[in-house]
Amino acid sequence: MSHFKIGIVVGSLRKDSFNKQTAHALIKLFPKEFTCQFIDIGALPLYNQDDDSHTPSSVIDFKQQIKTCQGIIFVTPEYNRSIPGALKNAIDQASRPYGTNAWDKIPAGIIGVSTGNISTAIAQQHLRNSLAFLNMPTLNQPECYLKWYDGMVENGQFSEKTANFMQNWVDAYVAFVKQNNQ
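- Where an unreviewed UniProt entry is consulted, the protein appears under the name NAD(P)H-dependent oxidoreductase, with the organism given as Proteus cibi.
- Quoted straight from UniProt, the Cofactor (unreviewed entry) entry for the protein says "FMN".

A look at the pairing of strand β2 (residues 34–38)
Next, step 1: As defined by bridge partners, strand β1 (residues 4–10) adjoins β2 across five bridges and the pair is classed as parallel. From the neighbouring strand, F4 faces β2, where its bridge partner is F34.
Next, step 2: Once the chain exits β1 it traverses helix α1 (residues 18–27) before rejoining the sheet at β2, and the crossover so formed is right-handed.

Quick word on the packing of aromatic side chains
Next, step 1: Counted according to the given criterion, the structure contains eight aromatic pairs.
Next, step 2: Seen from their ring centres, F18 and W148 are 4.3 Å apart, and the 15 degrees between their planes marks the pair as stacked. Residue F18 is located in helix α1, and its partner W148 is located in the loop between β5 (145–147) and β6 (153–154); the two are separated by 130 residues in the primary sequence.
Next, step 3: The partly exposed category is assigned to F18, whose relative accessible area is 26%.
Next, step 4: You can call W148 buried: its relative accessible area is 13%.
Next, step 5: Centre to centre, the rings of F62 and W103 are 6.1 Å apart; their planes meet at 75 degrees, and the pair counts as edge-to-face. Taken as a pair, F62 in helix α2 (residues 57–67) and W103 in the loop between α3 (85–95) and β4 (108–114) lie far apart in primary sequence, 41 residues in all. Comparing F62 with W103 shows no difference in burial state: the two are buried.
Next, step 6: It is R14 that lies over the ring of F18; its NZ or CZ is 5.3 Å from the centre.

What counts and what doesn't
For every chain, the first residue of its written sequence is number 1, and the numbers climb from 1 along that sequence. Residue-level local features of this predicted model are given only where pLDDT is at least 70; pairs of side-chain atoms are given and counted only at 80 or more, and the full residue set underlies all totals for whole chains, interfaces and linings. Each side-chain value is worked out from all heavy atoms of the structure, with water and hydrogens disregarded. UniProt positions are given in the numbering used here, feature names are shortened, and annotations may be inferred rather than shown by experiment. Two strands are counted as paired when DSSP detects at least two bridges linking them. A helix here means a DSSP run of H or I that spans at least four residues, while a strand means a run of E at least two residues long, and both kinds are numbered starting from the N terminus. Here is how to tell: hold the view so the strands point away, follow the path from the first strand over the helix to the second, and if it runs clockwise the crossover is right-handed. Any pair of Phe, Tyr and Trp rings, taking the six-membered ring for Trp, is counted once the centres come within 6.5 Å. Such a pair is stacked with planes under 30 degrees apart, edge-to-face with planes over 60 apart, and tilted for the rest. For every residue, the accessible area obtained with a 1.4 Å probe (protein chains only) is divided by the maximum for its type, and the residue is called buried under 20%, exposed over 50%, and partly exposed between those limits. The rule for a charge over a ring is simple: NZ of Lys or CZ of Arg within 6 Å of the ring centre, and within 35 degrees of the ring normal.

Laid out in structure tokens, this is it:
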């Protein structure tokens, strides 16, 4: 495959979230044969199994966006030692009804940003548990737990202090996606 489309799913719905800023800076680090597309989760209705027989059009569209990707990167904050409810809802919506898992076999990457000292370590572990069940191969190393600091992202780019680390993560994810799309 000569071109790869990567879906970016940001777990925070806040307009100026640190995770959205990080995601926007991240996509600038990919090589030219990779295109990154944000997949919005904010308009999805709450998952309700009663809707499985008549899936809302917003969910159908969401699942279609996922299926066109050769990789998905989850950029998540940590809320109460886990992933945000909006992200969990998106994961559930795209995996249901049973037998129609849009996430199946798509290589995943996980990063997260927080102001806390342990960053998003616990949220990422919870997310990894869900992704394993959904049959998403997930990049294990390097891990990417970022502690937000003033100036980490300026003018849409990572600071020098963070840029090399993030480029190494992107390079590892690029190799992982290529390996999983042979």
